[in-house]
Amino acid sequence: MPALAAARAANAAFSPAYFPIAVFVGGTSGIGRACAEAFARYTKGNAHIVIVGRNKSAADDIIASFPTPTNPKAKHEFVSCDVFLMRNIQATTASLRERLPKINFLVLSPGLFNLRGRDETVEGIDKRLGLHYYARWKFTYDLLPLLRKAKDAGEDAKVMSVLGAGYGGAVDLNNLGLKKSYSPAKAGLTSPTYTDLMFEHHVRENPDLAFVHANPGPVATPLVQLKHWALRPINGLMSLLATSPEDCAEYMLYGLFQTEKGFSRRNAKGDDIGNSNHYGSDEEREIVWEHTKEEIDRALAAKVEST
Ligand SMILES: *[C@@H]1O[C@H](CO)[C@@H](O)[C@H](O)[C@H]1NC(C)=O
């Protein structure tokens, strides 16, 4: 288990021979933000960094804090996208595919923390499962050609979902997408398992790419500041147990940089946890894959009055 100093030292050694392009979805707050900031620091700003999210003013602040690059190719930009909707993701990834030559790092961390039950977008996708799984699935699927280009040029090509490696549950084939029976707790167990299965599907087709499913552990982010008065005492407790987003980002980047290729599940300290608490068979993996494709196609086809 790397101590924080060791993770930092390993990350500081990141010095690619190529000019890196990194995309951070959910990079305007919490761990995603801290990962983008650490990435900018370790590359001394000499990278093309794309922050995808909703909050432009937060993104402007983050980008303003990045080191001033010396490489004229460097670019730090915000791409506005409400990732609750699959059609927005479709438009964003189409535009990125058109204008980016490649992607070396795709970091996915959009999140939602509340205790509500099923809560669907106008496309009929539950918001919690949407941010934690379907949106990330779609970004990965749509941007794979750009990752492929990076790898084919002999460069890093890595995707990381910051979610809950090791904290999933069994696949319920009679309740795919929790459409029959839903609770926040069930959703919490479903997204990590589906994430493992999606990366396992990709790695079979692209064994030379790296796919990382990381568990950040308890982190003091804006997402987990519980607003209900009755839950407020938990905030204090969580802040005692929690890692700061900055420290967490070091461990997350450590896991990302250390995974050369293949699928790696990483804990809150960035260690590979192998197959511990792994759920889902080969057959279930392909059923979940088909379910996801159908669900996203259905969402894209849904009639929506205005977006
Ligand atoms: C957007 O980010 C700014 C700056 O970090 C913050 O003050 C504001 O509350 C955020 N807005 C929303 C809607 O989250």
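What comes next is a walk through the structure. Everything numeric in this text was worked out from a predicted model, so none of it was measured.

Analysis parameters
Residues numbered from 1 in each chain as written. Predicted model: local features only at pLDDT ≥ 70, side-chain atom pairs only at ≥ 80, totals over all residues. Heavy atoms only, no water. Buried < 20%, exposed > 50% of the residue type's maximum accessible area, 1.4 Å probe, protein only. Helix = DSSP H or I, 4+ residues; strand = E, 2+ residues; numbered from the N terminus. Pairing = 2+ DSSP bridges. Axes fitted to C-alpha atoms, helices over the stretch in contact; angles between N-to-C directions. Contact = heavy atoms within 4.5 Å. Lys, Arg positive; Asp, Glu negative; His and termini not counted. Salt bridge = Lys/Arg side-chain N within 4 Å of Asp/Glu carboxyl O. Near = heavy atom within 4 Å. Polar contact = N/O pair within 3.5 Å; in protein donor to acceptor, adjacent residues only side chain to side chain. Core = buried A, V, L, I, M, F, W, Y, C linked by side-chain atoms within 4.5 Å. 1 Å grid on protein atoms, 1.4 Å probe; cavity = no way out; pocket = protein on both sides within 12 Å on 5 of 7 lines; lining within 4 Å. Points joined across faces, edges and corners; volume = space filled by probe spheres on them. Nonpolar A, V, L, I, M, F, W, Y, C, P; charged D, E, K, R; others polar. Phe/Tyr/Trp six-rings, centres within 6.5 Å; stacked < 30°, edge-to-face > 60°. Lys NZ or Arg CZ within 6 Å of the ring centre and 35° of its normal.

## Quick notes on the pairing of strand S7 (residues 262–266)
Logical step 1: Within S7, four of the five residues are buried, which leaves it mostly tucked inside the rest of the structure.
Logical step 2: As paired elements, strand S6 (residues 210–214) and S7 share five bridges and run parallel to each other. Directly across from phenylalanine 211, in S7, lies its bridge partner phenylalanine 263.

## Structural notes on the sheet that holds S7
Logical step 1: Spatial strand order, S3-S2-S1-S4-S5-S6-S7: seven strands in an open sheet with parallel pairing. Here the strands that pair on one side only, and so sit at the sheet edges, are strand S3 (75–80) and S7. Direction aside, neighbouring strands of the sheet carry axes that sit 15 degrees apart on average.
Logical step 2: Pairing between strand S2 (residues 48–53) and S3: six bridges, direction parallel. Across the sheet, residue isoleucine 51 finds its bridge partner in S3, namely phenylalanine 78.
Logical step 3: Packing of helix H2 (residues 30–42) onto the sheet brings it into contact with strand S1 (21–25), S2, strand S4 (105–108) and strand S5 (158–162), and relative to S1 it is tilted by some 165 degrees.
Logical step 4: Relative to the sheet, helix H4 (residues 86–99) contacts S2 and S3, its axis offset from that of S3 by approximately 150 degrees.

## What to know about the side chain of aspartate 156
Logical step 1: Tracing the backbone through its elements, the reader meets aspartate 156 in the loop between helix H5 (127–152) and S5.
Logical step 2: No salt bridge is formed by the buried aspartate 156; its nearest oppositely charged neighbour, lysine 158, is found at 4.1 Å.
Logical step 3: In this structure aspartate 156 touches Phe14, Tyr18, Ile103, Asn104, Phe105 and Ala150, once residues within four positions along its chain are discounted.

## Describing the site of the ligand
Logical step 1: Residues in close proximity to the ligand include Asn55, Ser57 and Ala58, which together make up its full environment.
Logical step 2: Side-chain polar atom of asparagine 55 to an oxygen atom of the ligand: 2.4 Å apart, as the coordinates give it.

## Here we look at the nonpolar core
Logical step 1: In terms of nonpolar packing, the biggest core is built from 48 residues, with Val52 and Leu106 touching the most fellow members.
Logical step 2: No other element matches H5, which puts twelve residues into this core.
Logical step 3: Residue contacts for leucine 106: discarding those within four places in its chain leaves Val23, Val25, Phe139, Thr140, Leu143, Leu147, Lys158, Val159 and Met160.
Logical step 4: Core analysis: the second largest hydrophobic core is formed by 37 residues, Tyr18, Ala47, Ile51 and Leu253 among them.

## Structural notes on empty space enclosed by the protein
Logical step 1: For the coordinates displayed, the defined rule picks out two cavities of 30 Å³ or more.
Logical step 2: The computed volume of the largest cavity comes to approximately 40 Å³.
Logical step 3: Residues that form the lining of the largest cavity fall into these classes: two nonpolar, two polar and five charged.

## Section: the pattern of salt bridges
Logical step 1: Counting across every chain of the model gives 19 salt bridges.
Logical step 2: Put simply, lysine 179 and glutamate 295 hold a salt bridge, and the shortest N to O gap is 2.9 Å. Residue lysine 179 is located in the loop between S5 and helix H6 (184–205), and its partner glutamate 295 is located in helix H9 (residues 282–301); the two are separated by 116 residues in the primary sequence.
Logical step 3: One continuous salt-bridge network, built from bridges that share partners, spans Arg8, Arg41, Asp247 and Glu250.

## Section: the packing of aromatic side chains
Logical step 1: A complete count under the given rule lists 14 aromatic pairs for this structure.
Logical step 2: Note on phenylalanine 14 and phenylalanine 39: the rings are 5.9 Å apart at their centroids and 45 degrees apart in plane angle, and the pair reads as tilted. You can see phenylalanine 14 sitting in the loop between helix H1 (4–12) and S1 and its partner phenylalanine 39 sitting in helix H2, a full 25 residues away along the chain.
Logical step 3: Of the residues examined, phenylalanine 14 reaches a relative accessible area of 10% and is grouped as buried.
Logical step 4: Put simply, the rings of Phe14, Phe24, Phe39, Phe105 and Phe257 pair up and form one aromatic cluster.
Logical step 5: Across the ring face of tyrosine 42, the terminal group of arginine 41 is positioned such that the distance to the ring centre comes to 5.4 Å.
Logical step 6: One Lys or Arg, lysine 127, reaches over the ring of phenylalanine 84 and ends 5.8 Å from the middle of that ring.

By themselves, these observations are geometric and do not establish any function.
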